[in-house]
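Listed below, chain by chain, are the residues.
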Amino acid sequence: MLVDENSAIVHAGERTLLISKGLRILLMDNLESARTPAGDDKEATRFLIIDTESIPDGRLLSLVKYPGENLSEAEAVQRAQDEAREQSKTGSDFVPVTFHYPVAVCVIRVGADFRLQGIRCLDAPEYRPGEIVRKFWQGMALFPRARLVTFNGRGFDLPLLELAAFRYGCSAAAYFQNSRNRFSGNHLDLLDWLTNFGACRLAGGLNLLSKILGKPGKMDVSGDKVYAMYQEGKRQAINDYCMFDTLDTYFVFLRTRVLNGEITLEKEQALVREEAKSWIASKLDECPALQQYLDSWGDWQAWP
């Protein structure tokens, strides 16, 4: 195979791809990749922990639910939220995920030793929906063997990103070829895992689990505020909130690995109290919002 100076060979699992120099740079940037020697097992990225934030698409709602009524995008969203609230047993105004598009995606890279390797909110600081989606799926190609870790990702985050890939025409061949087996796919949904695939309801969700572990959980932002924040132009604050949720998911993930016998409680506590806290503090210069997370940090103390 002939390769010129503007191209490179990239190994993706069992396949070898020839990509342009420009695309290689883009892929390397997407998930803050730091390539490591194949034999350095402890440094290899084994887990990608992701979280998303999204808003309802007023134009799509108008086209699908209210055709011919000449509603503005804001009016269509408000009407859909009102209808959702009326039909909800809990008063939620959440519009189905099929009518959403992502406005924040945060990815944490974790090694085989369960140590934090990198954290990034995609397409910072512009946070353009189309670019967020493209960079996510392009970046996924760098880690074909890494396991996705989410909280309710099977019910929300991944359908959101899959439909966004459909919207923007993004290829995600390896993902779609390997993700359609519920029990042997390369995705760990912590909500599914903790509820035995929905056998019970986990009231309180990620926030409850985070508080049990002494971690911040919900602070001054919650998911139901994201749409209003986006309308006010607070894209950075939305992405900071997404990043905090992703960190909470990491700590919940560690505790589930204790339950599963992959690490000991002592190892988990060393990872959390010593390594993770110091690692987060080391990122303050590039991500000042992490100070808020550290200010609300607490160590795990079981009660009663």
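Note that the structure is predicted; figures quoted are calculated from it, not measured. (Residues numbered from 1 in each chain as written. Predicted model: local features only at pLDDT ≥ 70, side-chain atom pairs only at ≥ 80, totals over all residues. Heavy atoms only, no water.)

Tallied over the entire structure, the rule returns 12 aromatic pairs. Pairing Phe-136 with Trp-137 gives two aromatic rings, centres 5.0 Å apart and planes at 80°, and the pair type is edge-to-face. Considered together, Phe-136 and Trp-137 belong to a single accessibility category, that of buried residues. Put simply, the rings of Phe-244, Tyr-250, Phe-251, Tyr-293 and Trp-297 pair up and form one aromatic cluster. Note that Arg-255 overlies the ring of Trp-300, its terminal NZ or CZ placed 4.3 Å from the centroid. (Phe/Tyr/Trp six-rings, centres within 6.5 Å; stacked < 30°, edge-to-face > 60°. Buried < 20%, exposed > 50% of the residue type's maximum accessible area, 1.4 Å probe, protein only. Lys NZ or Arg CZ within 6 Å of the ring centre and 35° of its normal.)

Another point: the pattern of salt bridges. On inspection of all chains with the given rule, the structure shows 16 salt bridges. Among the salt bridges present, the one from Asp-123 reaches Lys-135, with a minimum N-O distance of 3.1 Å. Taken together, the residues Asp-123 in the loop between strand S5 (116-121) and helix H4 (129-140) and Lys-135 in helix H4 connect sequence positions 12 residues apart. Assigned by exposure class, Asp-123 and Lys-135 land together as buried. Among the salt bridges present, the one from Arg-154 reaches Asp-192, with a minimum N-O distance of 2.5 Å. Residue Arg-154 is located in helix H5 (residues 153-168), and its partner Asp-192 is located in helix H7 (residues 190-194); the two are separated by 38 residues in the primary sequence. We classify Asp-192 as buried; its relative accessible area is 13%. Within the structure, one salt-bridge network assembled from shared partners comprises Lys-65, Glu-69, Arg-79 and Glu-83. (Salt bridge = Lys/Arg side-chain N within 4 Å of Asp/Glu carboxyl O. Helix = DSSP H or I, 4+ residues; strand = E, 2+ residues; numbered from the N terminus.)

For the structure on display, the rule yields one cavity of 30 Å³ or more. Reported here for the largest cavity is a volume of approximately 50 Å³. Taken together, Leu-213, Lys-215, Phe-251, Arg-255, Glu-268, Gln-269, Val-272 and Trp-300 form the lining of the largest cavity. If you list the elements that add at least two residues to the lining of the largest cavity, you get helix H10 (235-259) and helix H11 (265-282). The element best represented in the lining of the largest cavity is H11, accounting for three residues. Along the lines of polarity and charge, the residues of the lining of the largest cavity split into four nonpolar, one polar and three charged. (1 Å grid on protein atoms, 1.4 Å probe; cavity = no way out; pocket = protein on both sides within 12 Å on 5 of 7 lines; lining within 4 Å. Points joined across faces, edges and corners; volume = space filled by probe spheres on them. Nonpolar A, V, L, I, M, F, W, Y, C, P; charged D, E, K, R; others polar.)

A few words now on the confidence of the model for the protein chain. For the protein chain, the average pLDDT comes to 88, and 85% of its residues sit at 70 or higher. The low-confidence segment residues 1-40 (pLDDT under 50) makes 68 contacts with residues lying over four places distant or belonging to another chain. (pLDDT = per-residue confidence, 0-100. Contact = heavy atoms within 4.5 Å.)

Read across the sheet, five strands follow the order S5-S4-S3-S6-S7 without closing on themselves; strand pairing throughout is mixed. For this open sheet the edge positions go to S5 and strand S7 (187-189), each flanked by a neighbour on one side alone. Sheet twist, expressed as the average angle between the axes of neighbouring strands with direction ignored, equals 25°. Sheet analysis places strand S4 (residues 100-111) next to S5, joined by five bridges and oriented antiparallel. Bridged to Val-110 within S5 is Leu-116. Strands in contact with H5 are strand S3 (45-56), S4, strand S6 (147-150) and S7; relative to S3, the strand with the most contacts, it is inclined by about 75°. (Pairing = 2+ DSSP bridges. Axes fitted to C-alpha atoms, helices over the stretch in contact; angles between N-to-C directions.)

One can describe the packing of helix H8 (residues 205-212) onto H10 by two numbers: an axis separation of 10 Å at closest approach and a directional angle of 60°. As far as their axial angle goes, H10 and H8 are oblique. Where H8 crosses over H10, the two elements pack in a sense that is left-handed. Each of Leu-206, Leu-209 and Ser-210 in H8 lies in contact with H10, whose residues at this interface are Asp-245, Asp-248, Thr-249 and Val-252. Taken together, the residues of the contact of H8 with H10 break down into three nonpolar, two polar and two charged. (Parallel < 35°, antiparallel > 145°, perpendicular 65-115°, else oblique. Left-handed = near helix turned anticlockwise from the far one by under 90°.)

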